[in-house]
Amino acid sequence: MDKLYLVRTFLVPAAVLLVSAAVAAAGPRPSYDTNPPFTTGLLKPVAIKDASGRTATLYDPRDPYAIFINYELGMHCVGFDISYCCVIPPYSSIQAQAVRTGPGGDLPRLLSPGDGLSLYYSVKDNSYSDGNKMQYWQVPKDVNGNGKMDDPGDSFANYVWTHLFIYMDLEGTLPAGWSEASRLRVGKQIQVPIDSGPTGKSLTGGSLTYAGSTGGNKVFTDSLIPEVRNIQLTLTASYLWDALGLPLTAFNDSRRRGSLRSISNTDFQPYQYSLVQLRDRNGKPLMENGKVVEFFGTNPLDLPNCYHCHSRGGLAAKLSREAGLSLFEKEYAYWKNSYPDITEFMARQSEASINVLELHDRHYGTAFLKEYNPDASSNRLGSVGPVNCADCHGDNISGNLQSPRPGASGYKAVKARPLAESVHMTHAAVIPMPDKAGRTQSCQACHPTHWQQEKMNASVNQFQVVDDDGNPRFSNADVRTSGGGCYLRRDAHTNPNVKPPFFLNQIGKWYLKEVSRKDENGKSVPELRGLYCTNCHNHLSQELYRFDELKDAVAQDGKTLRNKPVKELITVVAKGNAIAFKNYFADPIAGAEGDPLRSYYENHSGATLVRASKDGAGKLKLLPWNAKEGDPVSYDGASNGKDWWLSAAEPHCADCHLAPFVESAGGGYFPIDQPNKYSLYRYSKAHGAIACQSCHESVHGLYPVRYEGPEITVDLTSHEQALQFSPDGSYAGPVTCAACHRVNEKGVPVQLQGTEYSGDYWASVVLLHAMREADQRLPVERLMEKFPYARSRKIVQDGWE
């Protein structure tokens, strides 16, 4: 449909506006502060009079339009010199939802192309990548498998995507008479243009593509099961506009001078400003109040820290020398001796790449460096070409379910563990690096750690988790007090300034008491320390998912452990062992019994994907995972990426938060999610068709991000993004009702005036999370019956802390 309403239209008589407080006071008084966590200083006050002349002040949104911008990954962790190897290809997306707000008391509505409008995107001061920001398109690789690397299209940017294909369009059309020959493969028949992503969206800017009710950017891939082909992957959730898979770097146009060799550690700007502009049917910018309707968002991307350990004085480099490996040192010497403009940072990047490949050849019998030429000025790996890790290691994030990857060239590709599994289990075994509490520092050490401010990217920054050679700095302290990069000292879950209500279930309350409010010595502290990476990515999260068989995901009706007391969880998950529950399942400790950090990856088995049976003709019949017949088929049997990156293996809001502060029901994006289970956060909606990400931002950068002033805040972009929707100019938490609705003095939409919700901001927050796609069509009377105020008030009281 062309117009999606947030709430069904209903009339509110003027007199009703003035009696709402009395109505709200009719029931038992809440035990919490019902006021909002903000003032209305930036909203537009409107005086409303009834027939008797009494006046009430209401408040209109700041802007007639709102554009909420986000991304689909917590932070894209990507290299920019891909002439040696590629773990994950460049891929950053700009996603948005646009709303016509409700000044005058009108109902806000979600905009679509049916409104005669379009959204135009760009990235501020970042319009290209090829050349002195990234080596990718000009890197040769044999795409056609003919043994040559000089055919048209023989580019690594094409090579990495050839396992994905379409037949006619990106709408998922599968012709009845399809054949292998009719497939249009990305990178072959559909080549990737310079400075563009696999769908053709360019860094120079352009129109966002709208995904309708079933999602968009639907591509196909094949599974490990020969009979199961044409697996549809829906890459964009419903009702989103997006530019998919942009090859963005962390380098701004205005700051890049010289060659790629001149990049230094202080050049990184990981929190890029994506701009989205509203345009009319003729492509002209829409003007309101003399200004172009344009908002900005965050696109986070950064470099992994491989070079810390795999070059110079790093542990991997030291162990390599002891083992007699030396090619990586020749690599460093070549760049330092041959190019006066080479920075130490870039010389170490190249050294680290060769060190990783040399170690792989030594320990796993590969021959990636068989043609390595330490004196070559280009194509230093010879006919082997750069190594694409996903050629052997299945990887769901890039849609490669098979192993070896079809079309792999330059070396003998073999079936290997999933990519996420291989990388993490190896590092968990070699560098557990516990802090004083036993939590591994490796997550923060290996993943990106750059700050937005240049001065904070120097090694003297006391919050950097490791020094220049990868030596940990927080072994006698709390790693959660370090920072920089994609999560720590950034996300709401690591922000000591967040305030209740937290809307926590019993698991969440356990984390609040036993983890967030305790220091590295296990002592209670007044300031929140927050959660670490392994408090979400752990055995407990996966056990909760496997146990679920939900009839109603939002109400959490059905079989689940999520709404049970922690004591019951300990009995079911840890067989009654409270120590194992904490140290192995919920807050994994390096070296604890069972080695939880390593076993999380090394011993992982995917969840049941489907059940397989045969029909009367003996043909394969696939049934839902919880069907009463058929044999279980795990994700492992269908994808060599197992279920990593998919809903079955990822953490969920529902792990720690009370219903309805939970994801949508799964099944709409199968096999990315599953029926009777929770979907992924980035595919979830609430308050009608509003994406969770629109109001809360994307994972690892959830509002409110930690703000420590303009000079030392890790992610200043996301903080400033939140302020675009702030009712008072200082509140930077999740987007409020006032961004789109006319509200009363409590910040509650006028559509709820005359109900008990009108005097209780927090209960109205519960209501909007409970309302899912069909609920916005209900009249207010029916809405109150379905979601009674007393129930919402109880949820606030139960989940306050």
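Everything in this summary refers to the structure shown in the same document. (Residues numbered from 1 in each chain as written. Predicted model: local features only at pLDDT ≥ 70, side-chain atom pairs only at ≥ 80, totals over all residues. Heavy atoms only, no water.)

**Regarding the overall build of the protein chain**
So, step 1. Of regular secondary structure, the protein chain possesses 20 helices and 28 strands.
So, step 2. Expected size for 801 residues packed as a compact globule is a radius of gyration near 28 Å; at 27 Å, the protein chain falls within 12% of this value.
So, step 3. Along the longest, intermediate and shortest principal axes, the C-alpha atoms of the protein chain span 90 × 70 × 60 Å.
So, step 4. Counting all 801 residues of the protein chain, 59% fall into the buried class.
So, step 5. Accessible surface, the protein chain as shown: approximately 30800 Å² in total, 53% of it carbon and sulfur.
So, step 6. Both charge centroids of the protein chain, one from 82 positive and one from 86 negative side chains, sit 3 Å from each other. (Helix = DSSP H or I, 4+ residues; strand = E, 2+ residues; numbered from the N terminus. Rg over C-alpha atoms; globule rule 2.2 N^0.38 Å. Buried < 20%, exposed > 50% of the residue type's maximum accessible area, 1.4 Å probe, protein only. Areas by Shrake-Rupley, 256 points an atom, 1.4 Å probe, with all protein chains shown as cover. Lys, Arg positive; Asp, Glu negative; His and termini not counted. Charge placed at Lys NZ, Arg CZ, Asp CG, Glu CD.)

**Quick notes on a nonpolar patch on the surface**
So, step 1. Residues Leu315, Leu319 and Val430 make up a contiguous nonpolar surface patch of roughly 250 Å² in combined accessible area.
So, step 2. For Val430, the position within the fold is in helix α8 (residues 419-430).
So, step 3. Using a relative accessible area of 51% as the deciding quantity, one classes Val430 as exposed. (Patch = residues over 30% accessible without salt bridge, like charges linked within 9 Å, V, L, I, M, F, W, Y side chains within 5 Å. Salt bridge = Lys/Arg side-chain N within 4 Å of Asp/Glu carboxyl O.)

**What about the packing of helix α5 (residues 315-322) against helix α7 (residues 344-364)?**
So, step 1. Where α5 meets α7, the axes come as close as 11 Å, and the angle between the chain directions of the two elements is 50 degrees. It follows that α5 is oblique to α7 by the angle criterion. As for the relative orientation of α5 and α7, their crossing is left-handed in sense. Facing Ala316, Ala317, Ser320 and Arg321 of α5, the residues of α7 in contact are Glu351, Asn355 and Leu359.
So, step 2. A per-class count over the contact of α5 with α7 returns three nonpolar, two polar and two charged. (Axes fitted to C-alpha atoms, helices over the stretch in contact; angles between N-to-C directions. Parallel < 35°, antiparallel > 145°, perpendicular 65-115°, else oblique. Left-handed = near helix turned anticlockwise from the far one by under 90°. Contact = heavy atoms within 4.5 Å. Nonpolar A, V, L, I, M, F, W, Y, C, P; charged D, E, K, R; others polar.)

**Section: the sheet that holds strand β26 (residues 631-634)**
So, step 1. Read across the open sheet, the three strands follow the order β25-β24-β26; overall the sheet is antiparallel. The open sheet has two free edges, formed respectively by β25 (620-624) and β26, since each of these has just one partner strand. Looking at each pair of strands side by side, their axes are set apart by 40 degrees on average, direction ignored.
So, step 2. One ladder, built from four bridges, connects strand β24 (residues 608-614) with β26; its direction is antiparallel. Looking across to β26, one finds that Ala612 is bridged to Asp631. (Pairing = 2+ DSSP bridges.)

**Re the environment of His652**
So, step 1. Mapped onto the fold, His652 is located in the loop between α15 (635-638) and β27 (685-686).
So, step 2. Along the chain, His652 and Leu544 lie 108 residues apart, while their C-alpha atoms are 9.4 Å from each other.
So, step 3. Those residues in contact with His652 that lie beyond four places of it in its chain are Ser541, Tyr545, Arg562, Ser647, Glu663, Tyr678 and Ser679.

**Quick word on the layout of surface pockets**
So, step 1. As a volume, the second largest pocket reaches approximately 630 Å³.
So, step 2. Lining of the second largest pocket is provided by 26 residues; of these, Asp552, Val554, Ala555, Ala770 and Arg772 occupy positions nearest its centre.
So, step 3. Of all elements in the fold, only α18 (761-770) and α20 (789-799) reach the threshold of two or more residues within the lining of the second largest pocket.
So, step 4. Broken down by element, the residue count for the lining of the second largest pocket peaks at four residues, all from α20.
So, step 5. For the lining of the second largest pocket, the residue count by class is twelve nonpolar, five polar and nine charged. (1 Å grid on protein atoms, 1.4 Å probe; cavity = no way out; pocket = protein on both sides within 12 Å on 5 of 7 lines; lining within 4 Å. Points joined across faces, edges and corners; volume = space filled by probe spheres on them.)

**Observations regarding the sheet that holds strand β9 (residues 118-123)**
So, step 1. If you trace the five strands from one edge of the open sheet to the other, you get β5-β20-β17-β9-β12, paired in mixed fashion. Each of the sheet's edge strands pairs with one partner strand only, and the pair in question is β5 (76-77) and β12 (206-207).
So, step 2. With six bridges joining them, β9 and strand β17 (residues 271-279) adopt antiparallel strand pairing. Bridge pairing in β17 places Leu119 opposite Leu278.
So, step 3. Of the strands in this sheet, β17 and β20 (294-302) touch helix α17 (residues 716-723), which is tilted by about 160 degrees from β20.

**Observations regarding the nonpolar core**
So, step 1. Among the nonpolar cores identified, the biggest contains 75 residues, and Phe80, Tyr136, Phe156, Trp161, Ile263, Phe268 and Phe345 are the most heavily contacted of them.
So, step 2. Of the residues forming this core, the biggest block, seven residues, is contributed by α7.
So, step 3. Look past the residues within four positions of Phe156 in its chain and what remains in contact with it is Ile82, Cys86, Tyr136, Val139, Lys141, Pro386, Val387 and Asn388.
So, step 4. One finds Tyr210, Trp241, Phe725 and Cys740 within the second-largest nonpolar core, a separate group that totals 39 residues. (Core = buried A, V, L, I, M, F, W, Y, C linked by side-chain atoms within 4.5 Å.)

**Here we look at the packing of helix α11 (residues 539-547) against helix α13 (residues 578-586)**
How two helices sit against one another is set out by the angle between their axes and by the gap between those axes.
So, step 1. Put simply, α11 and α13 touch, their axes get as near as 7 Å, and they point 95 degrees apart. On the basis of their axis angle, the class for α11 and α13 is roughly perpendicular. Here α11 contributes His539, Leu540 and Glu543 to the contact with α13, which in turn contributes Phe581, Tyr584, Phe585 and Ala586.
So, step 2. Grouping the amino acids of the contact of α11 with α13 by side-chain chemistry returns five nonpolar, one polar and one charged.

**Examining the packing of aromatic side chains**
So, step 1. Under the defined criterion, the tally for this structure stands at 37 aromatic pairs.
So, step 2. Measuring from ring centre to ring centre gives 5.7 Å for Tyr167 and Phe220, while their planes differ by 65 degrees; the resulting arrangement is edge-to-face. One end of the pair, Tyr167, is in the loop between β10 (165-166) and β11 (184-185); the other, Phe220, is in strand β14 (residues 216-221), and 53 residues separate them in sequence. The exposure classification of Tyr167 matches that of Phe220, with both residues buried.
So, step 3. Joined through ring pairs, the aromatic side chains of Tyr32, Phe38, Phe503, Phe661, Tyr731, Tyr761, Trp762 and Trp800 make up one cluster.
So, step 4. Across the ring face of Tyr120, the terminal group of Arg279 is positioned such that the distance to the ring centre comes to 3.8 Å.
So, step 5. A cation over a ring is seen here: Arg380 above Tyr334, with NZ or CZ 4.0 Å from the ring centre. (Phe/Tyr/Trp six-rings, centres within 6.5 Å; stacked < 30°, edge-to-face > 60°. Lys NZ or Arg CZ within 6 Å of the ring centre and 35° of its normal.)

These figures capture arrangement, not role.
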